[in-house]
Every structure is written in structure tokens, then in C-alpha cells.
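What follows is the residue order along each chain.
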Amino acid sequence: MIGDGAVRRVKIESASREIEVPAGQTVLEAALAQGIAYPHGCRSGRCGSCKSRLVCGEVDLLPHTPFSLTKDEKERGLVLACRAQPKTDVTVRWLAQEPVAYPIKTYPGTVVSNTMLTHDIIELRIAADAPMPYAPGQYASLSLPGLPPRDYSMAPSANPSELVFHIRQVPDGRVSSQIAKLAKQGQTLSVAGPFGSAYLREDHTRPILAVAGGSGLAPILSIVERAVATEMNQPIHLYHGVRGLPDCYGQDEIADLVRRHRQLTYHAVLSGPPSSSGGRVGFVHEAIAQDIGDMAGWKLYMAGPPVMVEAVGQVCLGKRLRSSDIHADVFYTPGAELGQVSAGE
């Protein structure tokens, strides 16, 4: 932590900008607050999307997962912008490709529908006052009256004037548990976005691994649907990790995508007790380890809880997938900290 209360100067080479970072702020927090579209995902040291090179200067690195930034990467001068608090004036350069150039705006919106997809996942459809352009895999911040904003990823939408979200009702969640009650048809709210760098890279021509955990199917379906629609003809392997068969939603949409793309395969992996109605049992990272060999040159897109993202990432890195080819949208409970998580030392 910065102990002298000084404001540090941070030069961000990728954006050709120099900003001031107050004591206690990270490079990413300050950059976003000052209008820089810094590539990022979870903002909590879990995904690695904001990985950057520390060109010069010193930073304190807050706790993060070993998957998001390895010991070897730190020794090579890499940092996570979301975890880096400058100790001196510094210069950084992000590693991600230039982020998509969709403007971040706030849109007034109205709830069109609110329906249950599973026992705990809601499909929320919102009509914004103006279409919000976004890349498949990005997310937005929703604000309902009287509740703090929350980030949710966009699911595919056949109507360009509507935004679709899949929201899991977290037990005792301050916002998600209230969505079904408050987000009724006609309710007004605001949508800010788009955010996130875990979006589809349409210039990629090698195989794709797309992995969803629970409601993480929303952005993963957006990515796969876009890949199919734009005739990205390489093999696409779609895995959905859920607890039981009743949680396997979106089956009609997935069947249609499989029909349209001859090299798309789908695997549902059930982590709960075996069911009499069948289904592959285990954890999704175990299934990937069994099914897939060398992943050099592949792209990995994944969305879901931190434990799944960490496990899948480690498996794929062990199969020669480059860390720069991993694009993760990490779902986590707001306010959760990484105090008990190893910083990769």
C-alpha cells in the first residue's frame, strides 16, 4: 500500500495518456475513472484480462489468483492493472489487443419481460431508449431504483432494440434476489456499458473452446452465435457446467447452433449427484482434460464462477494454450475479497 498519501503519475503507453493516480487507487480504477478504455474483466485479480507490462517504476500488487498472473509472469515484469497500486511514478502498457471501440454510455431502459429459465436463473429483457452496441461476450451495469448497480453479461438477442440478460438469483444476494420481484414489465431502470474484454476475436481462425458455468451461458452463447453467424468455420467446443439436468437451459438455441455449424460440439457436464435420466457427471475442467489434447493456437472463452475459471484455465495452460489466448468473464459476489487467495508467490 502507498504510505505517503502521494498522487502518482502513470503513463499508459497503449492509450498515449498520462494520468494521476491517488493513493489507494489501482491503475485500472484511475484509468477507467478518467475515461480510458483499459482492457479488463473481473476487476478483482481473478481473470487476467488487464495484464500489463510494467515498463518502469514500482507498484504494490494486491492479492490475485495464480492463474491470473503467474510467478513467472511477475518475474518478467508483468502486473495486473486492477491490482497494481503505484509506489512511484510508473509507465505501463497493456498486453491485450486494442479494446473494441464501442462508446460507454448510460441508457434509460424499460423491462420488457422477466421469465424463469431454471429454478434460480431469470431471463431479463430490457428495451433501451437507444440501441447499445456491444461485442459478443461483453457486459453491462444494471441499476434498479433503490438498489446498487450490478454487472451482468449480455445473452444473444434477436431484437437489436432489446438487451437480454441471464441472472442467477444468489441466496441472500442484495440485488439478484430482488430482480424477480422488482424488475416487472414496465419497470424503468438504467443500463451502462458496454464493458469487458472477454469478447469474440473474429479474426481468429484456429479452434475455439467456449466454457460456461451456470448463467455464464449468456455471454458464451453470444460468442458462439456470432461465430456461427459470421461463418467462423473452425472447430468450436462448447461446454456447460451445471449441477443437474434441470439446470441445462438453452437447449433449443444450442441445438440450432449445432445444426448450423458442422464443427460445433456441445457437452453438458453435471457436478451434482448422478441422475437416473443420465448426463455426463463430473466437473467441467475434468471433462476438458479428458476430451482435448494439444491446445496451441486455440482461443478459450469462459464465463462463470472463479473456481471454474481457475480450474479450466490451469488445465488449458497445461495443454500449451497461451495465456494471451484466454478470455475470461469471471462471475463473483460483489464485495468478495481475495484475502485468502494466494497472490501467486
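Counting restarts for each chain: residues are numbered from 1 in the order of the written sequence. Reporting of local features is limited, given that this is a predicted model, to residues whose pLDDT is at least 70; pairs of side-chain atoms are given and counted only at 80 or more, and all residues count toward the totals for whole chains, interfaces and linings. The side-chain quantities take in all heavy atoms of the structure and omit both hydrogens and water.

1. Notes on the overall build of the protein chain
- On a plain count of helices and strands, the protein chain comes out with seven helices and 19 strands.
- Radius of gyration (C-alpha) of the protein chain: 20 Å, near the 20 Å computed for a compact globule of 345 residues.
- Seen along its three principal axes, the alpha-carbon backbone of the protein chain occupies a region of about 60 × 50 × 40 Å.
- Expressed as a percentage of the 345 residues in the protein chain, the buried residues total 51%.
- Throughout, a residue-residue contact means that at least one pair of heavy atoms, one from each residue, lies within 4.5 Å. Within the protein chain, residue pairs in contact and separated by at least 24 positions form 71% of the contacts whose partners lie at least 6 positions apart.
- Accessible area for the protein chain stands at about 15300 Å²; split by element, carbon and sulfur atoms hold 51% of it.
- For the protein chain, the separation between the mean place of its 33 positive charges and that of its 34 negative charges on side chains is 1 Å. To qualify as a helix, a DSSP run of H or I must reach at least 4 residues; to qualify as a strand, a run of E must reach at least 2; elements of each kind are numbered from the N terminus. The quantity called the radius of gyration is restricted to C-alpha atoms. Its globule counterpart is 2.2 Å times the number of residues to the power 0.38. The buried label applies to any residue whose accessible area, calculated with a 1.4 Å probe on protein chains only, is under 20% of its type's maximum; exposed applies above 50%, and partly exposed to all values in between. All accessible areas in this document rest on Shrake-Rupley with a 1.4 Å probe, and a residue is counted as covered only by the protein chains that are shown. As used throughout, the charge tally considers Lys and Arg to be positive and Asp and Glu to be negative, leaving His and the chain termini uncounted. To locate a charge, the coordinates of NZ of Lys, CZ of Arg, CG of Asp or CD of Glu are taken.

2. Thoughts on the sheet that holds strand 11 (residues 150–155)
- Strand pairing follows a simple DSSP-based rule, namely that at least 2 bridges must link the two strands. Here we have six strands rolled up into a closed barrel, ordered 8-9-12-11-10-13, and antiparallel in their pairing. On average, adjacent strands in this sheet sit at an angle of 45 degrees to one another, irrespective of strand direction.
- One ladder, built from four bridges, connects strand 10 (residues 139–143) with strand 13 (residues 188–195); its direction is antiparallel. If you follow leucine 142 over to strand 13, its bridge partner there is valine 191.
- All axes here are fitted lines through C-alpha atoms, helices being fitted over the stretch that makes contact, and every angle between N-to-C directions spans 0 to 180 degrees. Strands in contact with helix 4 (residues 217–229) are strand 11 and strand 12 (162–168); relative to strand 11, the strand with the most contacts, it is inclined by about 35 degrees.

3. Digging into helix 6 (residues 284–291)
- Among all positions in helix 6, only Val284, Ala287 and Ile288 are buried. Mapping the buried residues of helix 6 onto a view down its axis gives an arc of 100 degrees, with all of them on the same face.
- Against the buried residues of helix 6 lie strand 14 (208–213), strand 15 (236–242), strand 16 (264–270), strand 17 (280–281) and helix 7 (306–317). Comment: arc refers to directions from the helix axis out to C-beta atoms.

4. A word on the nonpolar core
- Here, nonpolar core refers to any group of buried Ala, Val, Leu, Ile, Met, Phe, Trp, Tyr and Cys residues whose side-chain atoms link them within 4.5 Å. Counting 24 residues, the largest nonpolar core has Leu209, Val211, Tyr239, Ile288, Leu300, Met302 and Val312 as its most contacted members.
- Top element by residues in this core is helix 7. It accounts for five residues.
- The contact partners of methionine 302, leaving out residues within four places of it in the chain, are Phe67, Val211, Ile220, Met308, Val309, Val312, Gly313, Ile326, His327, Ala328 and Asp329.
- Listed in part, the 23 residues of the second largest apolar core include Tyr38, Leu69, Ala81 and Trp94.

5. Quick word on the environment of isoleucine 19
- Within the secondary structure layout, isoleucine 19 lies in strand 2 (residues 17–21).
- A relative accessible area of 1% means that isoleucine 19 is categorised as buried.
- When the C-alpha positions of isoleucine 19 and alanine 30 are compared, they lie 7.7 Å apart, and in sequence the two are eleven residues distant.
- Not counting residues up to four positions away in its chain, the partners in contact with isoleucine 19 are Arg8, Arg9, Val10, Ile12, Ala30, Ala31, Gln34 and Ile36.

6. Some thoughts on the pairing of strand 15
- Within strand 15, seven of the seven residues are buried, leaving the element largely enclosed by the surrounding structure.
- The alternating pattern of strand 15 places Ile236, Leu238, His240 and Val242 on one face and His237, Tyr239 and Gly241 on the opposite face, and all of these are buried.
- Direction of pairing for strand 14 relative to strand 15: parallel, over a ladder of six bridges. In the sheet register, glycine 213 faces strand 15, and the bridge partner there is glycine 241.
- Viewed with both strands pointing away, a crossover whose connecting path from the first strand over the helix to the second turns clockwise is right-handed. For the crossover that starts at strand 14, traverses helix 4 and ends in the parallel strand 15, the hand is right-handed.

7. Let's talk about the environment of proline 108
- Looking at where proline 108 falls in the secondary structure, it is placed in strand 8 (residues 105–116).
- Classification of proline 108 by relative accessible area gives partly exposed; the value is 46%.
- For the pair proline 108 and valine 191, spaced 83 residues apart in sequence, the C-alpha to C-alpha distance is 6.3 Å.
- Apart from the residues lying within four places of it in its own chain, the contact partners of proline 108 are Ala127, Ala128, Asp129, Leu189 and Ser190.

8. Description of helix 4
- Working rule for helices: expected span equals 1.5 Å times residues minus one. Compared with an ideal rise of 1.5 Å per residue, which puts 13 residues at 18 Å, helix 4 spans 17 Å between its outermost C-alpha atoms and is within 8% of the ideal.
- Across the 13 residues of helix 4, ten count as buried, placing the element largely inside the fold.
- All of the buried residues along helix 4 are Leu217, Ala218, Pro219, Ile220, Leu221, Ser222, Ile223, Val224, Ala227 and Val228.
- Of the residues one or two after helix 4, glutamate 231 is the one with positive phi, at around 60 degrees.

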